[in-house]
Every structure is written in C-alpha cells, then in structure tokens.
Amino acid sequence: MKVGAHISTEGNYKKMAAYAQKVGCECIQIFSKSPRQWKAKPMPLHKREELAAARSVYDFGPVLTHTAYLLNVTTNDEAMAEKSVEALADELVRASILQAEGVVLHPGNVPDDDIDAATLRAARAIERSFALADESCKDLGIECSSRLLLENTAGAGKLFGSTITQLCNVIKETKVPSKRLGICFDTCHGWAAGYDVSTQAGWDEVLKELIDAGDLSMWHFAHANDCKFARGSHMDRHAWIGEGEIGFEGFKILMHLGDAHPSLVDMCVITEMPGEIPEKDIINIEALKALRVD
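Residues numbered from 1 in each chain as written. Predicted model: local features only at pLDDT ≥ 70, side-chain atom pairs only at ≥ 80, totals over all residues. Heavy atoms only, no water.

To continue, consider the pattern of salt bridges. Considering all chains together, one arrives at 14 salt bridges under this definition. For the salt bridge of Glu-82 with Arg-128, the shortest nitrogen-to-oxygen distance reads 2.6 Å. Remark: Arg-128 occurs in helix α4 (residues 115–140) and Glu-82 occurs in helix α3 (residues 78–98); sequence separation between them is 46 residues. With a relative accessible area of 33%, Glu-82 lands in the partly exposed category. Here Asp-281 and Lys-280 are joined by a salt bridge, their closest N and O atoms 3.2 Å apart. (Salt bridge = Lys/Arg side-chain N within 4 Å of Asp/Glu carboxyl O. Helix = DSSP H or I, 4+ residues; strand = E, 2+ residues; numbered from the N terminus. Buried < 20%, exposed > 50% of the residue type's maximum accessible area, 1.4 Å probe, protein only.)

Written out as structure tokens, the structure is:
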C-alpha cells in the first residue's frame with residue numbers, strides 16, 4: 001500500500017510537491033479550492049501542466065482532492081441540493097484538470113431520518129453532477145477522468161454514510177458507471193461509528209460488509225487516522241497513529257490487508273493529522289511505513 005498525507009498547496013504545486021517528497025509521501029490529498037466556500041474562480045488549464053511538471057520532478061504517486069465541507073447531496077432542501085450538485089460538478093472538473101485520481105466527498109445529512117429517500121437523493125445528485133462536469137470538461141477539451149469516492153462518516157447527529165452499506169447503496173442506485181465511483185474508508189470515522197478497526201476480527205467484518213453490500217473493488221482509498229474517543233462515540237477527533245483508541249495493531253492490520261486481498265495491495269492510505277508541519281506528516285507517514293514492513 002502507498003502512504004501519504006493531506007497537504008497544503010499554498011497556491012504553488014511545485015512547493016507542494018517538494019514538501020510531499022520531503023515528508024515521504026507516496027500519494028497525497030489536497031483541496032482544489034477553499035474547503036469552506038461554495039464557489040471559487042475557475043481553475044485555469046495551465047494548472048494541469050503545473051502539477052504534471054511537479055509530479056515528474058518529485059517522486060510521489062496518486063493525487064486525491066477533497067471537496068468542500070459544505071456539500072450535502074443527501075439533503076431534502078431543494079436549494080441546498082442544487083448548490084451541492086453545482087459545487088460537486090465543479091470539484092470534479094477541478095480534479096480532472098489536475099488529473100487527480102479521485103475526489104473525496106462527505107455525502108451529507110438526513111434531516112428527515114429517511115435513509116432510503118436520502119440514498120436516492122444522493123444517487124440523483126451524483127448523476128446530475130457528473131453530467132454537468134462531463135459537459136464542462138468537454139468544453140475545456142479534457143476528459144472528466146476523476147473517480148468520485150464516498151467517505152464514511154462518524155455518524156454524529158443525522159450524518160449519512162456511517163455504514164459501508166449506506167455508501168454502497170448510493171453507488172448501486174446511480175446510473176453512473178461503477179468505474180467512476182468508489183469508497184474512501186476513514187478509520188477514525190469508522191471507529192467512532194462503531195467499527196472495531198483495532199482487531200483482525202473487526203477488519204474482517206469491514207471487508208465482509210464491503211463484499212456483502214457491494215464489491216471489494218469499490219474500496220480504492222483509505223484515510224488512516226487514529227481516534228481520540230471510544231468506539232461508537234460518534235466523536236470525529238483525529239489522533240496520531242498509535243496514540244488514539246485504535247492503536248498500532250489496528251493500523252498494522254490495515255497495512256497488511258493486501259496480503260490476503262490482492263485488489264488492496266496498491267491502495268493509497270492518507271493521513272489527516274492535527275499538529276505542526278512537517279513533524280505531524282513525517283512521524284505519521286513513517287509510522288505507517290514501519291507497520292507496512294513489520
């Protein structure tokens with residue numbers, strides 16, 4: 001498995017790439033615009049060449065982008081849904097300009113507690129977003145190439161997506177080709193939602209649910225974050241690898257899942273840690289790499 005971190009672009013992809021190499025990234029995750037804004041200036045096409053040039057000089061692999069936190073494709077509010085569709089389409093276009101391998105999305109919440117209805121709303125919103133993104137990319141003369149990855153949530157309040165099954169059901173309900181969709185499993189969110197990712201038996205249950213609800217091939221990326229609070233607490237508070245409730249053993253198992261499941265061998269594992277740079281990235285990436293060979 002490849003190991004990396006969520007890092008800042010600071011508006012300069014060459015600096016970003018140099019930092020990624022410095023801290024040991026084999027893959028990275030970035031924001032393609034401010035994560036707390038609905039809209040931003042269109043991304044110029046020259047950013048495509050800028051990032052490609054940086055990737056050719058500095059040795060790191062796949063790139064993920066993460067959508068803004070405001071998006072909510074499961075909402076039953078029509079105005080919010082429309083804004084989310086347009087914003088998600090823009091995120092897909094930006095990622096395609098950058099030739100990113102994936103776009104990570106938090107699905108949203110379910111104000112009416114109707115999971116089935118929320119699943120269908122999400123599926124329709126994603127379809128519309130891809131249609132808009134395809135059209136925009138066509139106008140730019142590029143392919144809308146990035147895969148959309150639904151990320152599991154900690155399940156606090158009315159958040160949608162706290163189970164793998166919920167995410168898989170959205171994917172199965174869409175008319176978007178499966179090769180354009182997938183799942184990003186976050187260990188902290190999973191733990192907080194009740195998944196025991198500290199043990200082999202717990203990870204076996206994660207894999208079983210993936211297989212039963214969809215297909216193991218849906219899982220393409222992981223966020224490797226320890227959790228400060230107890231399993232099932234629904235508290236999304238990231239801790240450094242081995243310093244939270246999941247512990248080193250859980251992440252060692254994660255890093256070796258490819259031993260029994262070849263489709264996971266090349267999966268990218270991204271850390272999203274609080275703390276000072278570059279220490280937080282160097283230390284956590286080194287910890288995961290050590291567990292990979294342990």
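Quick look at the nonpolar core now. Formed by 89 residues in total, the largest nonpolar core has its most connected members in Ile-28, Ile-126, Leu-148, Trp-203, Trp-219, Leu-254 and Leu-257. When residues in this core are grouped by element, the largest group, 9 residues, is from α3. Core analysis: the next-biggest nonpolar cluster, separate from the first, contains 8 residues, Cys-27, Val-104, Leu-149 and Ile-270 among them. (Core = buried A, V, L, I, M, F, W, Y, C linked by side-chain atoms within 4.5 Å.)

In this section: the layout of surface pockets. The computed volume of the largest pocket comes to approximately 610 Å³. Lining the largest pocket are 25 residues, with His-66, Tyr-69, His-106, His-189 and Asp-236 positioned closest to its centre. (1 Å grid on protein atoms, 1.4 Å probe; cavity = no way out; pocket = protein on both sides within 12 Å on 5 of 7 lines; lining within 4 Å. Points joined across faces, edges and corners; volume = space filled by probe spheres on them.)

To continue, consider the sheet that holds strand β6 (residues 181–186). Strand order in this closed barrel of 8 strands is β1-β2-β3-β4-β5-β6-β7-β10, and the pairing throughout is parallel. Within this sheet the neighbouring strands show an average axis-to-axis angle of 30 degrees, counted without direction. Strand direction decides the pairing type here: strand β2 (residues 27–31) and strand β3 (residues 63–66), joined by 4 bridges, are parallel. The residue bridging Ile-28 from the neighbouring strand is Val-63, located in β3. Of the strands in this sheet, β2, β3, β4 (102–105) and β5 (147–151) touch α3, which is tilted by about 150 degrees from β4. Helix-sheet contacts for helix α5 (residues 164–173) involve β5 and β6, and the interaxial angle to β6 is about 165 degrees. (Pairing = 2+ DSSP bridges. Axes fitted to C-alpha atoms, helices over the stretch in contact; angles between N-to-C directions. Contact = heavy atoms within 4.5 Å.)

Okay, unusual backbone geometry next. The omega angle of the peptide bond from Ile-277 to Pro-278 is 0 degrees, so this bond is cis rather than trans. In this structure, Gln-99 is a non-glycine residue whose phi angle is positive, near 60 degrees. When you line up the elements, Gln-99 lands in the loop between α3 and β4. Phi at His-234 is positive, roughly 65 degrees, even though this residue is not glycine. Along the chain, the position of His-234 falls in the loop between β8 (226–227) and β9 (238–239).

For the rest of this paragraph, the subject is the packing of aromatic side chains. Evaluation of the coordinates by the stated rule reveals 5 aromatic pairs. On the numbers, 5.9 Å between centres and 65 degrees between planes, the contact of Phe-185 with Trp-203 is edge-to-face. In this pair, Phe-185 is assigned in strand β6 and Trp-203 in helix α7 (residues 200–213), connecting sequence segments 18 residues apart. Take Phe-185 and Trp-203: they sit in the same class, and that class is buried. For the ring pair Phe-185 and Trp-219, a centre distance of 6.1 Å and an interplane angle of 75 degrees mean the geometry is edge-to-face. In this pair, Phe-185 sits in strand β6 while Trp-219 sits in strand β7 (residues 219–223), placing the two residues 34 residues apart along the sequence. (Phe/Tyr/Trp six-rings, centres within 6.5 Å; stacked < 30°, edge-to-face > 60°.)

All right, on to the environment of Leu-51 then. Structurally, Leu-51 can be placed in helix α2 (residues 46–57). Since its relative accessible area comes to 0%, Leu-51 is described here as buried. Put simply, Leu-51 and Val-63 are 12 residues apart on the chain and 10 Å apart in space, counted from C-alpha to C-alpha. For Leu-51, the residues in contact, after removing those within four places along its chain, are Tyr-13, Met-16 and Leu-98.

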